[in-house]
Structures are given as structure tokens and as C-alpha cells.
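# Descriptive structure summary
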Amino acid sequence: MKYMMLIVSDPEAADRPSDPAVDQVEDWVAKHDSSGKRLMGQRLHPPESATTIRRRGGELLITDGPFTESREWIAGFDILECADLDEAIAIASSHPMSAAGAVELRPYWPYET
Amino acid sequence: MSERALVDVRRALTDAMAEQRLRIVASLIRTTGDWDLAEDAVSDAAERALVTWPRDGIPDNPAAWLTATARRRAIDVLRRAQVERGKLADLAALEELTEASSDLSPMGDDRLRLIFTCCHPALALEARVALTLKVVSGLPTEAIGRAFLTSEATMGQRLLRAKQKIAHARIPYRVPTDDLPERIDGVLAVVYLVFTEGYATAARHLADEAIRLGRLLVALIPDSDETRALLALMLLQHSRRDARDVDGERVTLEHQDRSRWHRAEIDDALALLRRRWLVRGPYAVQADIAAVHATALSAGETDWAAIVALYDELLGIAPSPVIALNRAIAVGMSDGPLAGLAALQSAADDPKLAGHYLVAAARGDLLTRAGLRDEALIAIEQAIELAPTEPERRQLEQRAAELRLP
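Residues numbered from 1 in each chain as written. Chains lettered and ligands numbered in written order. Predicted model: local features only at pLDDT ≥ 70, side-chain atom pairs only at ≥ 80, totals over all residues.

### Section: the packing of helix α1 (residues 3-32) of chain B against helix α3 (residues 62-85) of chain B
All names here are of chain B. Rule in force here: To define axes, lines are fitted to C-alpha atoms, for helices over the stretch in contact only, and angles between the resulting N-to-C directions are given on a 0 to 180 degree scale. Each helix is a run of DSSP H or I of at least 4 residues and each strand a run of E of at least 2, with the numbering of both proceeding from the N terminus. Take the far helix as your reference; a near helix turned counterclockwise from it by less than a right angle gives a left-handed crossing, and one turned clockwise gives a right-handed crossing. Any two residues are considered in contact once their C-beta atoms, placed from the backbone, lie within 7 Å. Think of it as three bins: nonpolar holds Ala, Val, Leu, Ile, Met, Phe, Trp, Tyr, Cys and Pro, charged holds Asp, Glu, Lys and Arg, and polar takes everything else, Gly as well.
Closest axis-to-axis distance for the α1/α3 pair is 8 Å, and the angle between their directions is 35°. Taken as a pair, α1 and α3 cross one another with a handedness that is right-handed. Where α1 abuts α3, its residues Ala 12, Leu 13, Ala 16, Met 17, Glu 19, Gln 20, Ile 24, Leu 28 and Thr 32 lie against Pro 62, Ala 63, Leu 66, Thr 67, Ala 70, Ala 74 and Leu 78. Of the residues belonging to the contact of α1 with α3, the class tally is twelve nonpolar, three polar and one charged.

Written out as C-alpha cells, the structure reads:
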């Protein structure tokens, strides 16, 4: 079962001068890469560099910024391969950003094979 | 068939369902992974019983008959789905179902697996409550909707979404190991919410259902002290039901006719509380407080000093402004109204209690007992203005009327 793990940044937490969470992310990545539970993942540029695309009728609307205005924003993502939600929760809760921000787990949409 | 024989059939079916329904549903969910199929198979077996039992006689072991019939129904449905949709994924389930013995409880822990899954923290609390009542207790969707003041359609949607989340996010069907104490707390919170909701909406069958769940959990997790404590707490609170609601009016503990308390339930609870504790959590302390009341002959003869000490213990485990308020009332009974007023003052400093009618009502009581009737009347009138519901207002009006007498 694959889950996408959205790393959600809390701007107030991120503004703190020194964020030990950032250093520990590497340990988390190394651990779950070697166990095979983390298939891939990526840190993203902040939403100031986001571009949102909408096609409405025949018109293409391109806007500067993220798709939704909110205080929190998506700072990165990881793809997990887990037996079930409990395993995914255990891995997500050991991610440093679960303390410094939030982590959202989304199961993959299943396609019949 | 005689009227009498039909009554016997219905009784046999009710008894067998009470004993076996949850076991069958829980084991079918494990083998098929299909919650609706499991529930339908059991309803189908019950319907068949109503047709065949009057004709062929009640089977020697009605529970085993229901299990076998529900299992056959599940196999039929799975086979049909296999043919219609060419599904192969259910083969493993089919095999297990076909080979399963007629053993009444093939997997003793299935019921516990089901309960923990229904109360999984990844589900919203209201979904956990709805799912537990529907699947574990077997209440109809309509009845759950009525108890929670929503329509059958809304409740049906809530149940559907919860089952979909379990399937889509793959919430596991198992008894947790790593975080068992926290997960037990989560289950107990659902049960206690069912219980308190029963009182809030006067849907008394919900309180009965919560106690039934509590008994089941004590049987399934005998080592959990908090589970035992919660059952005791619910039994003690429920034992006062007939003295507490009289002709639609809410009667406070102080004024209840204690001869109307259900003694057998109190004795059950006290027996549960007599066992030794390894973990003493908030339910244990609350149950002890309820037990002090339950064993007192009258409000005046209550061991209020013991109750104050228990509230102090409870504040240490789970601090809350409402507990501080109740402690102040107990101090008033134990050490006199002036001491109570001082304790109330410090409890009322908590912003969460600002404007709460219970603070004003407690102040009114303490001032009455201190002989300050004018001040007491002002406090009670203030409480009337703040009271959230009509029965509470009526009760306060009555106290105001007593204070206005010369």
C-alpha cells in the first residue's frame, strides 16, 4: 500500500532561527530509505515560487502562488510503501516535521491491475 | 404454528443473536474485509431463522446455526461476485470461509479487533461512535441517527464515509500492540461518550448499550484497570437513573430518593472497584467518588473529606476547571460554606469557567448555606440567565422561589 506523505510547514515554527528538525530529516530519510519503506521524496521551494494553472472553458489561467491561500503550506513530500495505516502513522510520526509542522498521509488511489 | 411456538422462536433468535451476532460479524469482516457483506450476512441469517425455525423447529444450537448460515450466505455472495465481475481477489477469503470449522468462536479476538478498528484514531470521533454502535452493538442506523439528533440519511453517510476510510486508507483490522494503553483509552472515550450522550438526550437505551459495551470490554481485556473502572463508573451513575429523573425533572444528587437507586448495580460496581489497581487513571478516581456517594445513606452523611481528597487526586491526574468546581462544592460540604466559597473563587478564576451557570449555581448554594439569602438569590438568578437548557432553568427557578419565601 502506497501513501503520499505531505510535509506541511507551520510558518511560525519555520521562522525560528535554528530549526533542529531540518538536520534530523536526513537521519529519518536514511533510515526509511534503507528499510525500503520510503520510495522517494523531495523538499520543495516555498509557495512564493509556486505557479497555479487552471483551464476554464477555452481559457488558460495562470496565477502566481499556491492553489489555496493558507497559513500552512506544503514544504515537501515522501512516498511510503507500508503494510497499513498504522505502519504509515508510525513512520510519519517519527518525521521531525510532525513536531515542527504537520504531516498528512494520503493513500494512493488504487487502480485494478 | 401456535402463537406460543412463534414467541419461543423469536426469543431463541434474540438470545442467539445477542450471543453470536458480534462474533459472526467480527470474524466475517476479518475473512472477507467487507464490512457491509458481514453485516448483511448476519441479517440474512436472522431472517432465514424466522422462516425455517417455525417450520423445522428451533435448532439444538441456534448460535451455531446462525454462524453456519451467515457464513454460507457470505460464500454465496462472494462466489456470485467472482462470477459476475471475474474477481479473483476474494479467493483466499472463500477458501478460509469454506474450510472454517463450525467452531463458535474461530478467532476469539475478532471482536476486539473489530472494536479497535471502529475506534481507530484516524477516524473522527463522531464516526467512531456511529461505527461502534452500528457494527459492534448492532443498532439500526435510524436509531443511532435519532439518538444523535440527525437523520437516518446523514447517519448513513457518516457510516459509509467511515467504512470507506477504513478501506481506502487501509486501517488495519487488529488489536494494537505498541500503543495499546492509548488505544484502550480511545475505545473507553467512545464508550463513555455513548453513555453520557444517553443522558444528555434522554436516550436511555444508549446508556444501557454503553454498559453492555463496558461489560464486553472488561471480559475481553480483563487486565485493563481503566476499562474496569469505567464500567464501575457507568454502573454507579446509571444506578441513580430512577431517582435522578422524576416526572421529567432533573433531581440533584443531594435531593435524590436513595431508596430508588439500583442496589444490584451499585454492588456490581463496588465489586469491580475492590480489585487491586496497577494503573489508577481518571476513571478509577471518578468511580471512587461515585462509590462514596453510592454508599452514603444521605447527602449529609457522605464522607465529604474523602471526596475532597479524591478530587485533589483527580486534579493531579487530569486537571480541569469543572473538576475544580466540583471540588469546591465538596469543600463546602466538608469544611463549611465559607471554605467552599473560597475554593469556588479560585476555581472560577479559570477563564474556561467564565459565565458558566454552574459556578453561579454553586455560589448560590454555598451562600444559602452560609445564611446569606439575598446574595444567594442574586447568584441563583444569575445562574437562571446563564443556564443552557429548560430543565436546568426550571430546577434553578424552584430554588429561587424557595429563597424568596419570607
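### Thoughts on helix α17 (residues 337-348) of chain B
Residues and elements named next belong to chain B. Formally: What a helix is expected to span follows from its residue count: subtract one and scale by 1.5 Å. Burial is judged by counting the other C-beta atoms within 10 Å of a residue's own C-beta: 20 or more makes it buried, 12 or fewer makes it exposed, and any count in between marks it as partly exposed, with every C-beta position built from the backbone. Arc definition: directions from the helix axis to the C-beta atoms.
Across its twelve residues, α17 extends 16 Å between first and last C-alpha, which sits within 8% of the 16 Å expected from 1.5 Å per residue. Taken residue by residue, α17 has Pro 337, Gly 340, Ala 343, Leu 344, Ala 347 and Ala 348 as its buried positions. Seen along its axis, α17 keeps its buried residues to an arc of 130°; they face one direction. Exposed and facing more than 90 degrees away from the buried side of α17 are Gln 345 and Ser 346. Of the surrounding secondary structure, the elements contacted by the buried residues of α17 are α16 (321-335) and α18 (357-369).

### Let's talk about the environment of His 45 of chain A
Examined against the element boundaries, His 45 of chain A turns out to sit in the loop between β2 (38-43) and β3 (51-56). For His 45 of chain A and Glu 104 of chain A, which are 59 residues apart along the polypeptide, the C-alpha to C-alpha distance reads 18 Å.

### Regarding the interface of chain B and chain A
Residue-level contacts link six residues of chain B with five residues of chain A. Of the residues contributing to the side of chain B that touches chain A, the split by class is four nonpolar, one polar and one charged.

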